[in-house]
Amino acid sequence: EAETEDFFTEQNVIDGFVFQVGSLEALYLAQRGHRVSLYEYREDIRKTPQVRGRSINLALSVRGRQALKGVGLEDQMIHEHGIPMRARMIHRLDGSTYSMPYDARTNQCIYSVGRNYLNGLLLKESEKYDNVQKFFNYKLIQTNLKNGSLTFTNTATKETVEVNADLIIGADGAFSAVRKEMMKQPLFNFSQEYIEHGYLELCIPPGSDDGFQMPPNYLHIWPRGQFMMIALPNQDCSWTVTLFMPFKNFKNINSEEVLIDFFEKYFPDSIPLIGKKKLIEDFFAGSPSPLVTVKCRPYHVKDKALIIGDAAHAVVPFYGQGMNAGFEDCTLLDELFKKHNDHLASILEEFSTTRWRDTFAISDLAMYNYIEMRDLVNRPSYKLRKALDDFLFWLMPDTWVPLYNSVTFTSMPYSQCVKNRTWQNKVLAMVILFVCLLVFLFLIYTRK
Ligand SMILES: COc1ccc2c(c1)CN(c1nc(C(=O)N(C)c3cc(Cl)c(F)cc3C(=O)O)c(Cl)s1)C2
């Protein structure tokens, strides 16, 4: 007897970020024969016209691909839509650029994918399952996790409906309503932190030949210490550019002249690409969005409710893992459904006890990148460490997997990636100490 699972993927489009983990999880459960009701806060994205310039994109890496593969969508996502980014393209202040490959050894790459396309694909796929029902424009107003009941208001008809479910899954983003309800439970730990940086999306349109204005198979980065800009390519040969800067710096840019002077000073090569007029329009059209990181545990209430994706672990984007980690939740949950043969109490319990170490680890890694970001790619010691890492990776590929490679190009649990880094730091410290000792002894010996 298939149970009914209610999903709740309130799609708060927070600054254009649309949460897709719920739609993916619906496919995994439908695949297992469960009856799924998918409640979306917003209108069906496929009906709303593609708002130009709001094509938010993300860096899909191995963990996200793995999750899409589990529901048969990896190939379509990667080969029909994804744009491979084989290296970073760093833009210096003088406008010159140099590239740093993601994985020189095996040429693995990450893919730039559009969120709207991804969302449309997941929703279209769910139409193949008659055991998935989708309800759009449903806003959650009341939750009773203990008896699995939810009350929604249909934002179009204003009618209120109450639904009951065997399992409620909240995939409703960093400001999750389901998590808010969970927090009333005893022993529920929660922390949230806003960082001082905000971000603003700009757009580099296609060139006069309707092609890319920059080399397309790269993640373009303008690292400027306190500021940073990155650009990911879109299918229509435009680029979605994200400018990261402390809110106080955004506030200081309060006129067109100040804005143009700022870009002339920090991102001169990007002005002809974006276009002065578009730059002024886009910059003052929106306001910078906040970046929040949320840590909480456990992720469940008995056998009645679970939170996944950003609702369970919102991370800052400085590792490009937010969506990948959310999708990985679905892969792990499906493995637990198989392992415990759909016994919900065991599944939810094990998900909470095993997943939090990895989500805390990627949260800390992303925050560490943010702190280090000032000179993430500029600091000589960063380059030295990267050269050393790449050499040892080449020498012992199965033993020495550098942190960035293990996070981005393997499904190694995030907490294991961090443990590896810790022992690698110890080994390198000993090697450096040993070399210093040798040099010291050599100097003493030759002085005699
Ligand atoms: C749309 O919004 C965003 C915002 C930030 C990111 C992405 C999309 C995609 N991002 C990726 N980051 C890594 C990574 O591991 N690191 C250390 C990096 C970290 C920073 Cl901040 C960076 F600029 C480059 C790299 C890099 O290595 O290229 C990947 Cl691998 S993909 C960051």
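For the structure itself, consult the block above.
A short tour of the structure in this document, coming up. Given the structure is predicted, the values throughout are model-derived calculations rather than measurements.

**Brief notes about the overall build of the protein chain**
Part 1: Assigned secondary structure in the protein chain consists of 15 helices and 19 strands.
Part 2: The C-alpha atoms of the protein chain give 23 Å as radius of gyration, which agrees with the globular expectation for 448 residues (22 Å, within 12%).
Part 3: Principal-axis analysis of the C-alpha atoms places the extent of the protein chain at approximately 85 × 55 × 40 Å.
Part 4: Within the protein chain, contacts between residues separated by at least 24 positions form 72% of all contacts whose residues are at least 6 apart in sequence.

**Things to note about the sheet that holds strand β10 (residues 149-154)**
Part 1: Strand order in the open sheet made by the 3 strands is β9-β10-β11, with antiparallel pairing throughout. The open sheet has two free edges, formed respectively by β9 (138-144) and β11 (160-164), since each of these has just one partner strand. Ignoring strand direction, the axes of neighbouring strands in this sheet form an average angle of 25°.

**As for the site of the ligand**
Part 1: Contacts to the ligand come from 18 residues, most closely from R88, Y102, P317, Y319 and N369.
Part 2: In this structure, an oxygen atom belonging to the ligand sits 2.8 Å away from a side-chain N or O atom of R88.
Part 3: Contact distances for the ligand include 2.6 Å between an oxygen atom and a side-chain N or O atom of Y102.
Part 4: Protein chains bury 95% of the 610 Å² of accessible surface belonging to the ligand in isolation.
Part 5: Elements that contribute at least two residues to the shell around the ligand include exactly β3 (57-60), β14 (218-224), β15 (227-233) and α14 (403-409).
Part 6: Its residues assigned to classes, the shell around the ligand comprises 13 nonpolar, 4 polar and 1 charged.

**With respect to helix α4 (residues 115-126)**
Part 1: The end-to-end C-alpha separation of α4 is 17 Å, in line with the 16 Å expected for 12 residues at 1.5 Å each.
Part 2: Every buried residue belonging to α4 is among R115, L118, N119, G120, L121, L122, L123, E125 and S126, and all of these are buried.

**Topic: the pattern of salt bridges**
Part 1: Scanning the model with the defined rule gives 16 salt bridges in all.
Part 2: Close ionic contact of K184 with E181 constitutes a salt bridge, the shortest N to O distance being 2.9 Å.
Part 3: K276 is the partner of E264 in a salt bridge, and the nearest nitrogen-oxygen pair spans 3.9 Å. With E264 in helix α7 (residues 256-266) and K276 in helix α9 (residues 276-285), the pair connects residues that are 12 residues apart, well separated along the chain.
Part 4: What you see here is one network of salt bridges that share partners, running through R63, E328, D329 and R355.

**Brief notes about the side chain of T153**
Part 1: Inspection of the secondary structure puts T153 in strand β10.
Part 2: You can call T153 buried: its relative accessible area is 18%.
Part 3: In contact with T153, other than residues within four places in its own chain, are N137, Y138, K139, I141, K158, E159 and T160.

**Some words on unusual backbone geometry**
Part 1: A cis amide bond, omega 0°, links R297 with the succeeding residue P298.
Part 2: Relative to the helices and strands, P298 resides in the loop between β17 (289-297) and β18 (300-301).
Part 3: Of note in the backbone geometry, N107 takes a positive phi value of approximately 55° without being a glycine.
Part 4: A relative accessible area of 60% places N107 in the exposed class.
Part 5: The phi angle at L187 is positive, at roughly 65°, despite the residue not being glycine.
Part 6: In this structure, L187 sits in the loop between α5 (177-182) and β13 (189-204).

Here is what the cut-offs are and how they apply
- Residues numbered from 1 in each chain as written.
- Predicted model: local features only at pLDDT ≥ 70, side-chain atom pairs only at ≥ 80, totals over all residues.
- Heavy atoms only, no water.
- Helix = DSSP H or I, 4+ residues; strand = E, 2+ residues; numbered from the N terminus.
- Rg over C-alpha atoms; globule rule 2.2 N^0.38 Å.
- Contact = heavy atoms within 4.5 Å.
- Pairing = 2+ DSSP bridges.
- Axes fitted to C-alpha atoms, helices over the stretch in contact; angles between N-to-C directions.
- Near = heavy atom within 4 Å.
- Polar contact = N/O pair within 3.5 Å; in protein donor to acceptor, adjacent residues only side chain to side chain.
- Areas by Shrake-Rupley, 256 points an atom, 1.4 Å probe, with all protein chains shown as cover.
- Nonpolar A, V, L, I, M, F, W, Y, C, P; charged D, E, K, R; others polar.
- Expected span 1.5 Å × (residues − 1).
- Buried < 20%, exposed > 50% of the residue type's maximum accessible area, 1.4 Å probe, protein only.
- Salt bridge = Lys/Arg side-chain N within 4 Å of Asp/Glu carboxyl O.

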